[in-house]
Amino acid sequence: MTMWPKTIAFVRHAQSKGNTMTVDERAACPKGSNLYELTELGRRQAEITSAWLRERFPNPDGFYTSYYTRTGQTATILYQGRQPYVDERLAEAQRGIWHTMARAEIAERMPWEIDRKEREGIYHYRPPGGENCPNVELRIRSFNHTVHRRYRRKTLVVVTHGNWLLLWEKIVEHWSIDQYIAAYQNSERRDHAENASVTIYRGVTDEQGRNVLIPDPDQPYIVPWEGRLDASSTIS
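Basis of the calculations
- Residues numbered from 1 in each chain as written.
- Predicted model: local features only at pLDDT ≥ 70, side-chain atom pairs only at ≥ 80, totals over all residues.
- Heavy atoms only, no water.
- Helix = DSSP H or I, 4+ residues; strand = E, 2+ residues; numbered from the N terminus.
- Buried < 20%, exposed > 50% of the residue type's maximum accessible area, 1.4 Å probe, protein only.
- Phe/Tyr/Trp six-rings, centres within 6.5 Å; stacked < 30°, edge-to-face > 60°.
- Contact = heavy atoms within 4.5 Å.
- Expected span 1.5 Å × (residues − 1).

A. The arrangement of unusual backbone geometry in detail. With a phi close to 60°, Arg153 is a non-glycine residue in the positive phi region. In this structure, Arg153 sits in the loop between helix H7 (133–150) and strand S4 (155–160). For Arg153, a relative accessible area of 56% corresponds to the exposed category. In the Ramachandran plot, His174 falls in the positive-phi region, its phi being about 60° despite a non-glycine side chain. Considering the arrangement of structural elements, one finds His174 in the loop between helix H8 (162–172) and helix H9 (177–185).

Shown next as structure tokens:
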């Protein structure tokens, strides 16, 4: 029988320098997306989230982060003195040429890619040198197998990325592709996957006796620093 952890708390990385740049500015940045560091505001966000998290989950059985600089720096602040397990499966989707070329440059050199992206849509489109959503979902499914095997009825904290978390929720909550796209395109972003936010799921037994994950009934999502700091961000 598949068994989920008692609790999984997902933390999106705090604000990074990439969150303060436009798409074209990120394309022109000499650093790769995986190397963006936290801003000073991001560090303050992570410190407040750390206090909230450690009060409720002082010693989780598992503590994971992606290998990106911004998630690693967030994890270091969240549980100072504890070394997280770095798992490459938690990485954000690789955007290939869209991470290194501005839209105008792509339009000039590879106009067919803009047309192909629009034809295939944000879920299916895989850019040259990058991944599409199904590629990331394969990594997520592999990660979930590890979770089932190692953290049955335990507590797990995972530091990851906004779109990765959306795709994880798509799998666990059985969203359709259209539901995922609607969540991804939500321009507000204030009620889901804010920087240094916490999304909590609980493992429970349903009416059929199956072990399932559900959003925490009392507090499924919180931005601990909200109202104490002023910031806006985009999913990345």
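Still more ground to cover, so stick around.
B. Examining the packing of aromatic side chains more closely. Under the defined criterion, the tally for this structure stands at twelve aromatic pairs. Each ring, one from Tyr123 and one from Tyr180, has its centre 6.0 Å from the other, and the planes form 65°; the classification is edge-to-face. Of this pair, Tyr123 sits in helix H6 (residues 111–124) while Tyr180 is found in helix H9, placing the two residues 57 residues apart along the sequence. Side by side, Tyr123 and Tyr180 carry an identical accessibility label, which is buried. Under the relative-accessibility criterion, Tyr180 is labelled buried at 2%. Through a chain of ring-to-ring contacts, three or more aromatic side chains come together here, namely Trp4, Phe10, Tyr64, Tyr85, Phe143, Tyr151, Trp164, Trp168 and Tyr201.

C. Looking closely at the side chain of Asn132. Looking at the secondary structure, you find Asn132 in the loop between H6 and H7. Owing to a relative accessible area of 8%, Asn132 belongs among the buried residues under this scheme. Every residue in contact with Asn132, bar those within four places of it in the chain, is listed here: Tyr123, His124, Tyr125 and Arg126.

D. Quick peek at H7. Over its 18 residues, H7 extends 26 Å from the first C-alpha to the last, a length consistent with the 26 Å expected when each residue adds 1.5 Å. Within H7 the residues assigned to the buried category are Cys133, Val136, Glu137, Arg139, Ile140, Phe143, Asn144, Thr146, Val147 and His148.

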